[in-house]
Amino acid sequence: MRRTKDDTVRHFSKTLVLIGLGVMFAGEAGRADPPLDPLPAPHFSLDLSSPAVVGGNVSASDLLGLGYPAPATTLDGLTLGLLASTDDINALSGSNASILATQEFAILFSVDRLSVGAASPLPEMVSQDVPYNALDQASRGHAAGDQFYSTDTFTPIGPVTSPGNEKSRNNVLVRNNFDEGGTDFASYPVVHADSVVANGTVQDRVNATAMLARNGQTGQVTTAYFSLTAGSLSLAPLSAGIPPSGANIFHYVSAPPPLEGACCRGDGSCTITSDAACWNQGGAWFGPGSTCAECNAASPDGACCFGDGSCQLLDDVNCFGSGGIWLGPGTTCEMCGPASSTGACCYGDGTCVVQNDVDCFSTGGFWIGPGSTCDACGGPPFVGACCLDDGTCMEVSDMLCFANNGWWIGPFSTCDLCGQSAPNGACCQMDGTCSQTTDVQCLDAGGAWLGPMTDCGLCGFPPPGACCFQDDTCQSTDLIDCFNQGGFWLGPDAPCTLCQGPGFVPGACCFTDGSCVDAVGQDCSFWEGQHFPGIPCAGDVSGNGIDDTCDAGSISAGIGLYAAFFELGLDPADDIDAMIVFDGDGNGSFDASDRVLLSLGPGSPSLATIPGAGASAAADIFLVEFGQPIALYASAADLGLGHALDNIDALDFDLQAGEMAGDVARLAPQGSNAAQHGIRAKRIVPIPAASEWGLLVFSLLLLSAGSVIARRPGQRADQRNQA
């Protein structure tokens, strides 16, 4: 059949359409396939110059995880003790305490923006549709947002060697800044593995990566080892007296959940809560792991003394719940002593109540004396002379004085009064006698001084019992003497062995005014503070008026120095740019059985002195074993790097590589771990140097042109017919 001109035009238009569709779908086919076995998503950080950090989406001191449209913060810098905007995490690791020296793994690493790479993709990898590596990605302009997988395997003490087999000495791309169907960093610019980024495009730089352990219930990171860049302002306080250095390694352990147990109240109710919460609610805490059933097995009755002079025989739970002071099992009301006169009771928050001494002491106040008025308290804070046993003195509040086992003279008193005569008051002796003396004379005689102008009728001592102190010591003394010494009295005849309970663990005691003192749990509860056992007061490093330990969101079980630069054989001017810590016993201290793999930043002085470090030493990996000099662990060439500009910025490892042994097996077509985990290419060859939007626009133009051409012959025929 003879083809007409219209047929030819229509055929041409269809051809244009097919070409357009082919171009469009060829561009789509150029995208990488997801890895066959994607690696788990790690924690990571970005540097200060990353657009995600500059734009305020995240901080360079935050630990990040996968999130959209930007990385998600999984542990903020404040929790790590990083309080300055210039703080920048430079290296990150887990404890890896269970990793044996013989276990095989693949190295995972990231590079900086200037890195070039040295080795072309391995032919064996290309044949398995894994064509991307550091050299390839650097040539496309976006290697700094990627993570690469070594094609050789390693152990904690060095590369694995197989006799008669050559090292593979290369790497493949396993994670980038775009979701290729595996896991990614969700960083900028969002491009495919085979895309090209224009020169000068600022991109997010992955500065550290690690697989960190998390709490199974809360999802909170439980342990982390990290280093900071030299410009980080938090280096000095974190280094705790050691010269601040980018080669110091720090250790973070999350706060354990508070120990909980039965909190029994005088009204018969019970909840399972922590000791601090229980005491603040006026209950009696029965210890960690206790149950509410134990409330029904309360101790035998004893004297419960009230501030109005009355007394009831109650058990400890009902006495505490009723606001009384319990003297112990089997005690009688005669031991309570007479009711005292009322006087000013001054509290640390600036308030004052006129009440008797028992009520004042039991609610954490400081009793001025009988007949005194609230004017005697003065205005907050109630600062006065605190005389210490070593002869020194400081002018602080009563709480701080008691916390330091000092003797507080009173509001507005000065240190001149320490050791000098003062107004007489009741001096109560353990044998039940009393005399009118000064405070100094009373203390020298081993008595308990009740305050200026107090009456001996206020003594009324019950039998002595355990008085627990913050330094883990204990004395058998009476209530008032124990209180005057800054201890916590457990009741008459109570044995000192009871001082070892959970309420006597020292830690930060935080108050509503933002202040903090180190105290045991019982004292902190008595002072109506919030207790954090095992966590010391940190001081107000942030300058916001609140002790950093007490600041919401910053409480942790510990942030300390894991290893100082000199313990690692490094120079203080070195920067640890990447690391893997093997803390053999997981104790957070660099000691016997510990190893650290690390890479140093360009310009680190040690790069010129470590034996074996090459021209591309910033891409070399070094090994530090406790008690041994730093040594070359793997050269840049072992990882497919080696250009003078190459710089490793992050290190991690994958134990799955240990499933295959020997270089030949690792590169076998069906057995390569790198091929399993690496981002794969599609078989259809993409059209080079064409962006996806350009392809789409070009295809639409072709479709439009074909449609116009196809219509014009018919339009001309219509015009001729009309003519």
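Residues numbered from 1 in each chain as written. Predicted model: local features only at pLDDT ≥ 70, side-chain atom pairs only at ≥ 80, totals over all residues. Heavy atoms only, no water.

### Some thoughts on a nonpolar patch on the surface
Filter applied, for reference: For patch detection, residues must exceed 30% relative accessible area and be free of salt bridges, and they are connected within 9 Å for like charges or within 5 Å for nonpolar side chains (Val, Leu, Ile, Met, Phe, Trp, Tyr). For accessible areas, the Shrake-Rupley method is used with a probe of radius 1.4 Å. Any residue's cover is judged against the shown protein chains and nothing else. Basic side-chain nitrogens of Lys or Arg form a salt bridge, by our definition, when they fall within 4 Å of a carboxyl oxygen of Asp or Glu. The secondary structure listing takes helices from DSSP runs of H or I that are at least 4 residues long and strands from runs of E that are at least 2 residues long, numbered from the N terminus. Buried residues are those whose accessible area, probed at 1.4 Å on protein chains only, stays under 20% of the maximum for their type, while exposed residues exceed 50% and partly exposed ones sit between those limits.
Taken together, the side chains of Leu 78, Leu 83 and Val 541 present a nonpolar region at the surface, about 210 Å² in accessible area. With respect to the helices, strands and loops of the structure, Leu 78 is situated in the loop between strand S4 (72–75) and strand S5 (89–93). The exposure class assigned to Leu 78 is partly exposed, which follows from its relative accessible area of 31%.

### Remarks on the state of the cysteines
Worth spelling out the cut-off: The rule for a disulfide is simple: a pair of cysteine sulfur atoms within 2.5 Å.
Enumeration over the complete set of coordinates arrives at 3 disulfides. Note on cysteine connectivity: Cys 311 is disulfide-linked to Cys 333, with sulfurs 1.9 Å apart. Where Cys 311 bonds to Cys 333 through sulfur, the torsion about that S-S bond is close to -80°, and the disulfide is left-handed. Of this pair, Cys 311 sits in strand S18 (residues 311–314) while Cys 333 is found in the loop between strand S19 (325–329) and strand S20 (342–346), placing the two residues 22 residues apart along the sequence. The exposure class of Cys 311 is partly exposed, given its relative accessible area of 22%. When its relative accessible area of 29% is taken as the criterion, Cys 333 is described as partly exposed.

### Quick notes on the sheet that holds strand S12 (residues 223–228)
What links the strands of a sheet is backbone hydrogen bonding, and the strands pair in either a parallel or an antiparallel sense. Which entries qualify depends on this criterion: Here, a strand pair is defined by DSSP locating no fewer than two bridges between the strands. The axes used here are C-alpha line fits, helices contributing only the stretch in contact, and every angle between their N-to-C directions lies in the interval 0 to 180 degrees.
Pairing is antiparallel across the open sheet formed by 4 strands, whose spatial order is S5-S12-S13-S35. Two strands in the sheet have a free side with no partner beyond their single neighbour: S5 and strand S35 (558–563). Across the sheet, the mean angle separating the axes of adjacent strands is 30° when strand polarity is ignored. Across 4 bridges, the pairing between S5 and S12 is antiparallel. Note that in S12 the partner of Ser 93 across the bridge is Tyr 225.

### Brief notes about the packing of aromatic side chains
For the record, the criterion: Aromatic rings from Phe, Tyr and Trp, with only the six-membered ring used for Trp, were paired whenever their centres fell within 6.5 Å, and each pair was classed as stacked if the ring planes differed by under 30 degrees, edge-to-face if by over 60, and tilted otherwise.
Under the criterion given, the structure shown has 11 aromatic pairs. Taking 4.8 Å as the distance between ring centres and 70° as the angle between the ring planes, the aromatic pair formed by Phe 44 and Phe 185 counts as edge-to-face. Of this pair, Phe 44 sits in strand S2 (residues 43–46) while Phe 185 is found in the loop between strand S10 (171–175) and strand S11 (206–210), placing the two residues 141 residues apart along the sequence. Phe 44 sits in the buried class, given a relative accessible area of 1%. Relative accessible area serves as the criterion here: at 0%, Phe 185 is assigned to the buried category. Ring geometry for Tyr 562 versus Phe 590: centroids 5.8 Å apart, planes at 70°, classification edge-to-face. Linking Tyr 562 in strand S35 with Phe 590 in the loop between strand S36 (576–582) and strand S37 (595–600), this pair joins segments that are 28 residues apart in sequence. Grouping residues by exposure puts Tyr 562 and Phe 590 together as buried.

### Overview of unusual backbone geometry
A cis amide bond links Tyr 188 to the next residue, Pro 189, at an omega of 0°. Secondary-structure assignment places Pro 189 in the loop between S10 and S11. We note that Ser 593 has phi near 80°; this positive angle belongs to a residue other than glycine. With respect to the helices and strands, the residue Ser 593 is situated in the loop between S36 and S37.

### A few points about the side chain of Asn 171
So the rule is basically this: Residues adjacent in sequence count toward polar contacts only when both atoms are side-chain atoms; beyond that, a polar contact is any pair of N or O atoms within 3.5 Å, and within protein one must be able to donate a hydrogen and the other to accept it. Contacts were defined at the residue level, with two residues in contact if any of their heavy atoms lie within 4.5 Å.
By secondary structure assignment, the location of Asn 171 is in strand S10. A distance of 2.9 Å separates the side chain of Asn 171 from the backbone nitrogen of Ala 134, its partner in a polar contact. One polar contact links the side chain of Asn 171 to the main-chain carbonyl oxygen of Leu 639, over a distance of 2.7 Å. When sequence neighbours within four positions are dropped, the list of residues in contact with Asn 171 reads Phe 109, Tyr 132, Asn 133, Ala 134, Phe 148, Tyr 149, Ser 150, Thr 151, Leu 639 and Gly 640.

### With respect to the sheet that holds S10
The strand order across the open sheet built from 4 strands is S10-S7-S6-S40, with neighbouring strands paired in antiparallel fashion. At either margin of the open sheet sits one strand with a lone partner, and together these are S10 and strand S40 (648–654). Strand-to-strand, the axes of this sheet are offset by a mean angle of 35°, without reference to chain direction. Looking at chain direction, strand S7 (residues 147–150) and S10 are connected through 4 bridges and run antiparallel. Note on S10: the bridge partner recorded for Gln 147 is Arg 175.

### Some points on the pattern of salt bridges
Between side chains of opposite charge, a pair can form when the charged atoms approach closely. Applying the stated rule across the entire model yields 6 salt bridges. Here Asp 47 makes a salt bridge to Arg 205, at a shortest N to O gap of 3.4 Å. Pair noted here: Asp 47 is in the loop between S2 and helix H2 (51–54) and Arg 205 is in the loop between S10 and S11, with a separation of 158 residues, a long-range link. Note on Arg 205: relative accessible area 17%, which makes it buried. Asp 649 is the salt-bridge partner of Arg 205, the closest N and O atoms lying 2.3 Å from each other. Here the residue Arg 205 occupies a position in the loop between S10 and S11, and Asp 649 occupies one in strand S40, the gap between them amounting to 444 residues. Here the two residues Arg 205 and Asp 649 agree in accessibility, since each one is buried. Residues participating in the shared-partner salt-bridge network are Asp 47, Arg 113, Arg 205 and Asp 649.

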